[in-house]
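Each chain is listed here by its residues.
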Amino acid sequence: MEYFVQQLVNGLTLGSIYGLIAIGYTMVYGIIGMVNFAHGDIFMLGGFAALIVYLILVGLFGGIPIALALFVMIIVAMLMTGLWNWVIEKMAYRPLRGSFRLAPLITAIGMSIALSNFIQVTQGPRNKPVPPLVSAVYDVFGISVSLKQIIIVVVTAVLLTIFWYIVNHTPLGRAQRATEQDRKMAALLGIDVDKTISITFVMGAALAAVAGTMYLMYYGVIVFTDGFTPGVKAFTAAVLGGIGSLPGAVLGGLMIGLIESLWSAYFTIDYKDVATFSILAIVLIFKPSGILGRPEVEKV
């Protein structure tokens, strides 16, 4: 029983990281109906930004408290990835917004490859390790719970609450929901649609940056290829939970994390991805809109 609970804790931690990335996918898809396949690489970029900030802080202030270092790493990573995503949306996606649906998708894949290769050229192809940032471990009824696991779960819960409130109870959120329902009508009512979409991209990138920092803190290593697999898993989580739903994205992430952790614990690890995508297929057969997703209503 203790082993099972331990795997649940591990799965919730991994799922929280997936959930943070998945929120960015679901926000962009919800507002413009586009899958931003470069989002996984924005997550990787956030991890590298956090790594560089950490190395600079350690070089300048050797005895800086870890809590302060993590805070600065997250803030700078959010700013850098937000700027990157804003530029990508303005230069690569906005000109194609009125074109056929495959054009933005192909462009997103191209941006993903470009970002990955950019990091490979500038930072090198090898793994970039960091010393353990948070090493405290607590024994709770025979279950090992590390401080970094607690931080990841708490950060995910807090950010989900904040962004859910923004989307549902602020003028920006009303503009986002109006743009999602009908972009032309929203523009006629005085909403700056381009600005709203750009802010949404920046918000998604900021969450990906936090996820990248948490990933770096949890695993202690990052490499330029780390954007692909977590990005695909996060997109799967968004679809599983119901793409367009913020709680659904986090729920899907938690489910993916738990499936991977439990499968790896009790079965061969080689087939954990097969199990994940098989369960996704089964869920979508019976609920095509995802667990918390709403069926799309065609307007005629």
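Above: the structure in question.
Criteria and cut-off values
Residues numbered from 1 in each chain as written. Predicted model: local features only at pLDDT ≥ 70, side-chain atom pairs only at ≥ 80, totals over all residues. Heavy atoms only, no water. Helix = DSSP H or I, 4+ residues; strand = E, 2+ residues; numbered from the N terminus. Rg over C-alpha atoms; globule rule 2.2 N^0.38 Å. Buried < 20%, exposed > 50% of the residue type's maximum accessible area, 1.4 Å probe, protein only. Contact = heavy atoms within 4.5 Å. Areas by Shrake-Rupley, 256 points an atom, 1.4 Å probe, with all protein chains shown as cover. Lys, Arg positive; Asp, Glu negative; His and termini not counted. Charge placed at Lys NZ, Arg CZ, Asp CG, Glu CD. Axes fitted to C-alpha atoms, helices over the stretch in contact; angles between N-to-C directions. Parallel < 35°, antiparallel > 145°, perpendicular 65-115°, else oblique. Nonpolar A, V, L, I, M, F, W, Y, C, P; charged D, E, K, R; others polar. Patch = residues over 30% accessible without salt bridge, like charges linked within 9 Å, V, L, I, M, F, W, Y side chains within 5 Å. Salt bridge = Lys/Arg side-chain N within 4 Å of Asp/Glu carboxyl O.

Asks: It is not clear to me how the overall build of the protein should be interpreted in this structure. Could you clarify?
Replies: From N to C terminus, the protein includes eleven helices and four strands. For 300 residues, the compact-globule estimate of 2.2 N^0.38 gives 19 Å, and the protein sits close to it at 19 Å. Dimensions of the protein along its principal axes, counting C-alpha atoms only, are 60 × 50 × 35 Å. Sorting the 300 residues of the protein into buried and exposed places 47% on the buried side. A sequence separation of at least 24 residues applies to 76% of the contacts in the protein between residues at least 6 apart. Accessible area of the protein: about 14,800 Å², with a carbon and sulfur share of 71%. The protein carries 17 positive and 14 negative side-chain charges, and their two centres are separated by 8 Å.

Asks: Quick question: what am I supposed to make of the environment of I42 here?
Replies: Inspection of the secondary structure puts I42 in helix 2 (residues 39–60). Of the residues examined, I42 reaches a relative accessible area of 0% and is grouped as buried. C-alpha separation for the pair I42 and L207, spaced 165 residues apart in sequence, amounts to 9.8 Å. With near-sequence residues (within four places) excluded, I42 lies in contact with T81, W84, N85, I88, L115, A205 and A208.

Asks: Would you mind showing me how to read the packing of helix 6 (residues 171–181) against helix 8 (residues 193–219) here?
Replies: When two helices pack together, their arrangement is given by the angle between their axes and by how far apart the axes lie. Interaxial distance between helix 6 and helix 8 falls to 10 Å at its minimum, and their mutual angle equals 110°. By the criterion of interaxial angle, the relationship of helix 6 to helix 8 is roughly perpendicular. Touching L172, A175, Q176 and T179 of helix 6 are V193, T196, I197, I199, T200 and M203, all from helix 8. Partitioning the contact of helix 6 with helix 8 into residue classes produces six nonpolar, four polar and no charged.

Asks: What's the story with a nonpolar patch on the surface in this structure? I'm lost.
Replies: A grouping of Y138, V140, F141, I150, V154, V158 and I162 is seen on the molecular surface, where their side chains present a nonpolar patch of about 650 Å² in accessible area. Looking at the nonpolar patch, the elements with two or more residues in it are strand 2 (137–140) and helix 5 (147–169). Among the elements that line the nonpolar patch, the one with the most residues is helix 5, at four residues. Residue position: V158 is located in helix 5. Note on V158: relative accessible area 43%, which makes it partly exposed.

Asks: I'm lost on the pattern of salt bridges in this one. Help?
Replies: Oppositely charged side chains can pair when the atoms bearing their charge come close. The tally for this structure, following the rule as stated, stands at seven salt bridges. For the salt bridge of D273 with K233, the shortest nitrogen-to-oxygen distance reads 3.0 Å. Within this pair, whereas D273 is found in helix 11 (residues 272–286), its partner K233 is found in helix 9 (residues 228–241), the two being separated by 40 residues in sequence. The class of D273 is partly exposed, set by a relative accessible area of 30%. Taking the shortest distance from any N to any O, the salt bridge between K272 and D273 comes out at 3.6 Å. One continuous salt-bridge network, built from bridges that share partners, spans E89, R94, R97 and D194.

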